[in-house]
Each structure stands twice: as C-alpha cells, then as structure tokens.
Amino acid sequence: KLLLKANENCLYSLVKKILEAHINPKGKDKMRVKYAAQVFSRTCYCVIKVLIDGFPQVMPPEAWATAEFVLFMNDLFDSLNGSSKCPPVTSPFQCR
C-alpha cells in the first residue's frame with residue numbers, strides 16, 4: 001500500500017501498471033495471475049529498494065524484507081514461466 005501511495009504522490013509514475021485493483025482486488029480479479037505477476041515484479045522490487053535507500057520517510061527500512069520477498073516471487077515466476085524443454089539456466093530456481 002505504501003508503494004501505491006508513493007506512486008500517487010510522485011510527479012512521475014514509479015510503477016505504471018500497479019493500481020488499486022492490484023492491492024485490493026474484488027470479485028474475479030482475485031483470481032488473476034497477471035495482477036500477482038505485476039506486483040511481484042523486478043520493477044516493484046527496484047522501486048521499493050530506491051524508496052528505502054533514498055526516501056526513508058516514504059518507505060521505512062523495515063520494508064526491506066518485503067522487497068526481498070517481491071524479488072523472490074519474481075524469480076520464482078520467471079522459473080515457472082518457460083516454454084522450452086531445456087532453457088538456459090538464468091535463475092537459481094530453475095531445474096537443471
């Protein structure tokens with residue numbers, strides 16, 4: 001929620017695709033994997049990290065664990081989102 005609030009107060013959009021529907025989904029939106037993949041993206045990780053490092057009044061240092069979790073989920077999604085039988089190993093979560 002802090003990321004969404006920081007995004008609203010910024011002159012430029014930090015995360016363009018994240019909306020209120022991503023944070024508080026209603027109805028069938030709760031089942032959309034697309035929303036989860038957009039929230040748990042490397043972009044969100046980077047924005048949270050920059051806000052923690054540069055603007056602690058906006059994003060407290062305690063949010064570091066959330067940033068790490070977002071990155072973990074991003075890597076997990078990437079490892080499960082493959083189309084070939086033997087893709088190059090780019091994530092520690094991929095099968096070898």
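Residues numbered from 1 in each chain as written. Predicted model: local features only at pLDDT ≥ 70, side-chain atom pairs only at ≥ 80, totals over all residues. Heavy atoms only, no water.

Next up on the list: the overall build of the protein. Within the protein, the regular secondary structure consists of five helices and zero strands. The secondary structure elements of the protein, listed N-terminal to C-terminal, are α-α-α-α-α. Within the protein, the fraction of its 96 residues that count as buried is 28%. The contacts of the protein with a sequence gap of at least 6 include a subset with a gap of at least 24, amounting to 41%. Here the protein has roughly 7,200 Å² of accessible surface; of this, 61% comes from carbon and sulfur atoms. (Helix = DSSP H or I, 4+ residues; strand = E, 2+ residues; numbered from the N terminus. Buried < 20%, exposed > 50% of the residue type's maximum accessible area, 1.4 Å probe, protein only. Contact = heavy atoms within 4.5 Å. Areas by Shrake-Rupley, 256 points an atom, 1.4 Å probe, with all protein chains shown as cover.)

On to the nonpolar core, then. Core analysis: the largest hydrophobic core is formed by 11 residues, namely C44, Y45, V47, I48, L51, I52, M59, A63, A67, V70 and L71. Taken together, the elements giving at least two residues each to this core come down to α4 (42–54) and α5 (64–80). At six residues, the largest contribution of residues to this core is made by α4. (Core = buried A, V, L, I, M, F, W, Y, C linked by side-chain atoms within 4.5 Å.)

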